[in-house]
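# Topology and contacts: notes
If you want the building blocks of each chain, they are given just below.
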Amino acid sequence: GINAEYMGFRKWSELSASARVRYLMKFGQKLHDNAKSVAELVTKEQGKVMGDADGEVFRSLEILEHAYGMPSLQMGEILENVAQNMNTYSLRQPLGVVAGIVPFNFPVMMPMWMLPLAITTGNCFILKPSEKVPGAMMRIMEIAVESGIPEGVLSVIHGAKPTVDFICDHPKIRAISFVGGNQAGEYVYQRGTANGKRVQCNMGAKNHAVVLPDADKDFTLNNLIGASCGAAGQRCMALPVTIFIGEAKNWIPELAERAKAIRVGAGHEPGVDLGPLVSKESKARVERLIESGVKEGAKLLVDGRGVKVPNYPNGNFVGPTVMTDVKGNMECYREEIFGPVLQVMTMDTLDEAIEFINSNPYGNGTAIFTTNGAYARKFEHEIDVGQVGINVPIPVPLPMFSFTGSRKSFRGDLHQYGKEAVKFYTQTKTVTALWKPSYNDSKFSIAFPTPGRDSK
C-alpha cells in the first residue's frame, strides 16, 4: 500500500545521494545483462520488430546512465554574505511518493523516462503500466528486486480508470508523470492538479516534415519512410505528414516505391521491417481513417489495408500506406492516426509550410530536410513546435536534455527526463542562516527586515 511506500521513502531519502546511485548502477548493469531477453519480451508482447525493441532498451540504458550523475544534478546553490555573517542557500529535496502512468508503445523506455530520476532524487516510485503490455515492466521490476533495490522504493499497480483515479486522488502521492493520449492526459492533469499534485503530461501529436528541393534525396526519402512506418507508426514522435516544397514534389513517386519495399511480418522474425499494430481495435481505427481520407478526396499511392502475412492470417497488420492530396480539414489529417500511414502535402514556399504547421494545435515534434543553413535557421526560429529536427526525422532528445513537446502535446510546467525532471521530482528549500561571533548587541525592532542593506 501507499503507507509502505511512504515508510520506504523515509529510509530511502535518508541514504546519501551516492548510495542511491550505486543501487541504480547495479540495476542498470543487470538490465544491460538482460537487455536481449527484455527486448524479446517487448517484441513478443507489443509486436514491434526486434531492431526497434533493441533500440528502446538501449535508450532506456542511456537514461539510467544520465541518472548516475544525480549527485551533481541535484546540487543546490549558495550565496555567501547576503548580509554580514549571513548566508543563503537552497536545497533540492525529494517530494515523497510519486507515480507514473505509461502507454503501450514503449513499455520499457517510457517508465525509464521517469523511474531513474524519480528514485535517485530520493523519491519512491509507483508505476501503472499499460494493461495492454504489462509483461515487460514486470520483468523490469524483477530485475530491480534481483539487483537489490530496497523494498518500498519501486512498486507496480495494474488496472484502468479506477487505478488512474486512485493515483490522482491519494493524498500521499505528490506528483504524477503521464504519457499517453490527449483524452486521458487532460483527465489526469485536471484531476491530479485539482488535488494539489504536480502533474506533467506528454500527450498526442501530429508531427510534420518539411522537404526542400535542395535536400539530399536518398537520405531524405529513406528517413521519411523509417520515421512514418517505424514501430508501425505507433510513436508520438512519428512523422505522419510530409510537406514537399516546390520541385521536391517530383520525389513523391519514388517515395511510394520505397514504401512498397517495406517487409511486413511478425516482429520476432528476421528481415521484417514493419510489425503488427497492438490490437484489433487499433487496426480497425487506422483502416477507418485511411478510408475516411479516400472519401474526402485523398489519393492512395500505396494502400496497406488487407496486407497478407504468411502464417499470420489473423494478425493486426496494416502495411505501409502513402496518401497524397491530403488537406488540413480532412479527418485523417486532424486525427493522430498512430499507424504506418504517411500523408503527403505539397506547398510552394517554406513560409507557407511554417504557417500551416503552426496552425496545427499540436507541438510535439517537426523536422526539416535541407542543405541550406539559412532555411534551417529560419525554420527552427519561426516554428512553434517543442522539438525540431534538422535533417533528423525523429528529434527525441538524448537524456541529458528534456523531452519538450508543447501546446496541445503537453500539460504541465516541467518536462520529462533531463534537467527539468530533476526539478519536477524535487522541491526547493531555501535556508537563510545567521552565525554571528556574538549576539549581545541585538535590539528589538518591528521594521521589515533588510539584512542586505549596507550598514552605515
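All values reported here derive from a predicted model rather than from experimental measurement.

What follows deals with helix H4 (residues 50–67). Its 18 residues give H4 an end-to-end C-alpha distance of 26 Å, which sits within 8% of 26 Å, the value for a rise of 1.5 Å per residue. Turning to H4, its buried residues number three or more, namely Asp52, Ala53, Glu56, Val57, Arg59, Ser60, Leu61, Ile63, Leu64, His66 and Ala67. Residues of H4 that are buried sit in contact with helix H2 (17–33), helix H3 (35–46), helix H5 (70–73), helix H6 (109–120) and helix H16 (418–424).

This paragraph deals with the pattern of salt bridges. As enumerated under the stated definition, the model contains 25 salt bridges in all. Of the charged contacts, one joins Glu382 and Lys378 as a salt bridge, the two residues approaching to 3.1 Å between their closest N and O atoms. Here the residue Glu382 and the residue Lys378 both occupy positions in helix H15 (residues 373–382), the gap between them amounting to 4 residues, near one helical turn. Several salt bridges share partner residues, and in doing so they unite Lys161, Asp165, Asp169 and Arg191 into one network.

With that settled, consider the pairing of strand S11 (residues 321–324). Successive residues of a regular strand alternate their side chains across the two faces of the sheet. Both faces of S11 are covered, namely the face carrying Thr321 and Met323 and the face carrying Val322 and Thr324. Here S11 pairs with strand S12 (residues 341–347) via 3 bridges, running parallel. Looking at the pairing, Thr321 lines up with Val341 of S12.

Following both chains from N to C, one finds H3 and H4 inclined at 125°, their axes separated by 8 Å at the closest point. The angle between H3 and H4 places the two elements in the oblique class. For the crossing formed where H3 meets H4, the hand is right-handed. Residue-level inspection shows Ala35, Val38, Ala39, Glu40, Val42 and Thr43 of H3 in contact with H4, the latter providing Met50, Ala53, Asp54, Glu56 and Val57. A per-class count over the contact of H3 with H4 returns 7 nonpolar, 1 polar and 3 charged.

This brings us to the sheet that holds strand S8 (residues 208–211). Taken in spatial order, the 7 strands make up an open sheet running S10-S11-S12-S9-S8-S14-S15, and their pairing is mixed. Only two strands of the sheet have a single partner each, and these edge strands are strand S10 (299–302) and strand S15 (388–390). Adjacent strand axes in the sheet meet at a mean angle of 25° when their direction is disregarded. Looking at chain direction, S10 and S11 are connected through 3 bridges and run antiparallel. Residue pairing for S11: Val302 is matched across the bridge by Val322. Set on the sheet, helix H10 (residues 217–229) makes contact with S8, strand S9 (241–245), S12 and strand S14 (366–369); between it and S14 the angle comes to about 160°. Each of S10, S11 and S12 touches helix H12 (residues 280–295); the most contacted strand, S11, lies at about 25° to it.

Strand direction decides the pairing type here: strand S1 (residues 77–83) and strand S2 (residues 86–94), joined by 4 bridges, are antiparallel. Bridge pairing in S2 links Glu77 to Ser90. Hairpin connection, S1 to S2: the antiparallel pair is bridged by 2 residues, and Asn85 has positive phi, about 65°. Inspection of the sheet shows S2 paired to strand S18 (residues 426–434) by 9 bridges, in the antiparallel sense. Bridge assignment links Thr88 to a residue of S18, and that residue is Thr432.

Taken together, the side chains of Leu398, Met400 and Phe401 make up a nonpolar region of the molecular surface, amounting to roughly 310 Å² of accessible area. Among the structural elements, Leu398 can be located in the loop between S15 and strand S16 (406–407).

Looking now at the environment of Met50. Mapped onto the elements, Met50 comes out in helix H4. Considering only alpha carbons, one finds Met50 and Ser16, 34 residues apart in sequence, at a separation of 38 Å. Every residue in contact with Met50, bar those within four places of it in the chain, is listed here: Ala39, Glu40, Thr43, Gly267 and His268.

Let's shift gears to the packing of aromatic side chains. For the structure on display, the rule yields 8 aromatic pairs. Here a set of aromatic residues connected by ring pairs shows up, and it is made of Trp113, Phe403 and Tyr417. Positioned above the aromatic ring of Tyr23, the side-chain terminus of Lys26 is 6.0 Å from the ring centre. Against the face of Phe106 rests Lys48, its NZ or CZ located 4.0 Å from the ring centre.

Looking at the element boundaries, Thr242 is found in strand S9. Setting aside anything within four residues of it in sequence, one finds Thr242 in contact with Ala209, Val211, Leu224, Leu342, Gln343, Val344 and Met345.

Before going further, it helps to spend a moment on the packing of H2 against helix H7 (residues 135–146). Their axes nearest at 9 Å, the elements H2 and H7 cross at an angle of 130°. Judged by the angle between their axes, H2 and H7 are oblique. Crossing of H2 over H7 shows right-handed handedness. Along the contact surface, H2 presents Phe27, Lys30 and Leu31, while H7 presents Ile140, Ile143, Ala144 and Glu146. Split into classes, the residues belonging to the contact of H2 with H7 amount to 5 nonpolar, no polar and 2 charged.

The rules behind the values
Residues numbered from 1 in each chain as written. Predicted model: local features only at pLDDT ≥ 70, side-chain atom pairs only at ≥ 80, totals over all residues. Heavy atoms only, no water. Helix = DSSP H or I, 4+ residues; strand = E, 2+ residues; numbered from the N terminus. Expected span 1.5 Å × (residues − 1). Buried < 20%, exposed > 50% of the residue type's maximum accessible area, 1.4 Å probe, protein only. Contact = heavy atoms within 4.5 Å. Salt bridge = Lys/Arg side-chain N within 4 Å of Asp/Glu carboxyl O. Pairing = 2+ DSSP bridges. Axes fitted to C-alpha atoms, helices over the stretch in contact; angles between N-to-C directions. Parallel < 35°, antiparallel > 145°, perpendicular 65-115°, else oblique. Left-handed = near helix turned anticlockwise from the far one by under 90°. Nonpolar A, V, L, I, M, F, W, Y, C, P; charged D, E, K, R; others polar. Patch = residues over 30% accessible without salt bridge, like charges linked within 9 Å, V, L, I, M, F, W, Y side chains within 5 Å. Areas by Shrake-Rupley, 256 points an atom, 1.4 Å probe, with all protein chains shown as cover. Phe/Tyr/Trp six-rings, centres within 6.5 Å; stacked < 30°, edge-to-face > 60°. Lys NZ or Arg CZ within 6 Å of the ring centre and 35° of its normal.

Any functional reading would require information that these geometric values do not contain.
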